[in-house]
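Now for the letters of each chain:
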Amino acid sequence: MNIQQMMMQAQKMQRELRKAMDELAKEEFVISKGGAITVTILGDKTIKAVHIDDDAFEKENKEMVEEMIAMAINEGLVEIKNKENALQERITGRAGGLF
C-alpha cells in the first residue's frame, strides 16, 4: 500500500469516526440507582435530566440521595467512555483512536 492509499484510508476512518461520535453524542444513557434516582446523560456527556423519586426527599435521605446521584453520573460517564472506545476500536482497529 502506498502513502496516498494510506492517507485516503486514514481520512475515511476519520470521517467514519466523526460520524459515529456525532451519533454517540445524541445517544441517551439512563442510569437508575436504588429506584430513587434516575440520571439521563447524553453521549456528549451533557446531563439531560435528573429524576428523584418523591420518597427520597426526606431529610434523613439527603446524603444517600447525593451519593446515588454522583454514582449514577459516574456510571453513565464510564458507559459513554466504554462506548467511545468500542467505536474507535471498531473503526480504526485500535483502542484510543487513529494515533
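Please refer to the structure higher up on the page.
Calculation notes
Residues numbered from 1 in each chain as written. Predicted model: local features only at pLDDT ≥ 70, side-chain atom pairs only at ≥ 80, totals over all residues. Heavy atoms only, no water. Core = buried A, V, L, I, M, F, W, Y, C linked by side-chain atoms within 4.5 Å. Buried < 20%, exposed > 50% of the residue type's maximum accessible area, 1.4 Å probe, protein only. Helix = DSSP H or I, 4+ residues; strand = E, 2+ residues; numbered from the N terminus. Contact = heavy atoms within 4.5 Å. Pairing = 2+ DSSP bridges. Axes fitted to C-alpha atoms, helices over the stretch in contact; angles between N-to-C directions. Expected span 1.5 Å × (residues − 1). Patch = residues over 30% accessible without salt bridge, like charges linked within 9 Å, V, L, I, M, F, W, Y side chains within 5 Å. Areas by Shrake-Rupley, 256 points an atom, 1.4 Å probe, with all protein chains shown as cover. Salt bridge = Lys/Arg side-chain N within 4 Å of Asp/Glu carboxyl O. Parallel < 35°, antiparallel > 145°, perpendicular 65-115°, else oblique. Left-handed = near helix turned anticlockwise from the far one by under 90°. Nonpolar A, V, L, I, M, F, W, Y, C, P; charged D, E, K, R; others polar.

### Overview of the nonpolar core
Side chains that are nonpolar tend, in soluble globular proteins, to be buried together.
Right, on to step 1. Membership of the largest hydrophobic core comes to 17 residues, with the highest contact counts inside it found for Phe29, Ala36, Ile37, Val39 and Ile91.
Right, on to step 2. Contributions of two or more residues to this core are made by helix 1 (3–26), strand 1 (28–33), strand 2 (37–42) and helix 2 (62–92).
Right, on to step 3. Residues in contact with valine 39, not counting those within four places in the same chain, are Phe29, Val30, Ile31, Ile47, Ala49, Val50, Ile69, Ala72 and Ile73.

### What about the sheet that holds strand 1?
Right, on to step 1. Taken together, 3 strands build an open sheet; the order of strands is 1-2-3 and the sheet is antiparallel. Both edges of this open sheet fall to strand 1 and strand 3 (47–52), since each of them pairs with a single strand only. Each strand of the sheet is rotated relative to its neighbour by a mean of 10 degrees, with strand direction disregarded.
Right, on to step 2. Note: strand 2 against strand 3, 5 bridges, orientation antiparallel.

### Here we look at helix 2
Right, on to step 1. The terminal C-alpha atoms of helix 2, which comprises 31 residues, lie 45 Å apart, in line with the 45 Å expected from a rise of 1.5 Å per residue.
Right, on to step 2. All of the buried residues along helix 2 are Val65, Met68, Ala72, Gly76, Ile80, Glu84, Leu87, Gln88, Ile91 and Thr92.
Right, on to step 3. Along its buried surface, helix 2 packs onto helix 1, strand 1, strand 2 and strand 3.
Right, on to step 4. Positive phi shows up at glycine 93, right after helix 2, with a value of about 80 degrees.

### Quick look at a nonpolar patch on the surface
Right, on to step 1. Taken together, the side chains of Ile3, Met6 and Met7 present a nonpolar region at the surface, about 320 Å² in accessible area.
Right, on to step 2. Here methionine 6 is to be found in helix 1.

### With respect to the packing of helix 1 against helix 2
Right, on to step 1. Where helix 1 meets helix 2, the axes come as close as 10 Å, and the angle between the chain directions of the two elements is 155 degrees. As far as their axial angle goes, helix 2 and helix 1 are roughly antiparallel. The chirality of how helix 1 crosses helix 2 is right-handed. Every residue of helix 2 that contacts helix 1 at Met13, Glu16, Leu17, Ala20, Met21 and Leu24 is listed here: Ile80, Lys83, Glu84, Leu87, Gln88, Arg90, Ile91 and Thr92.
Right, on to step 2. Split into classes, the residues belonging to the contact of helix 1 with helix 2 amount to 8 nonpolar, 2 polar and 4 charged.

That is the geometry; function is a separate question.
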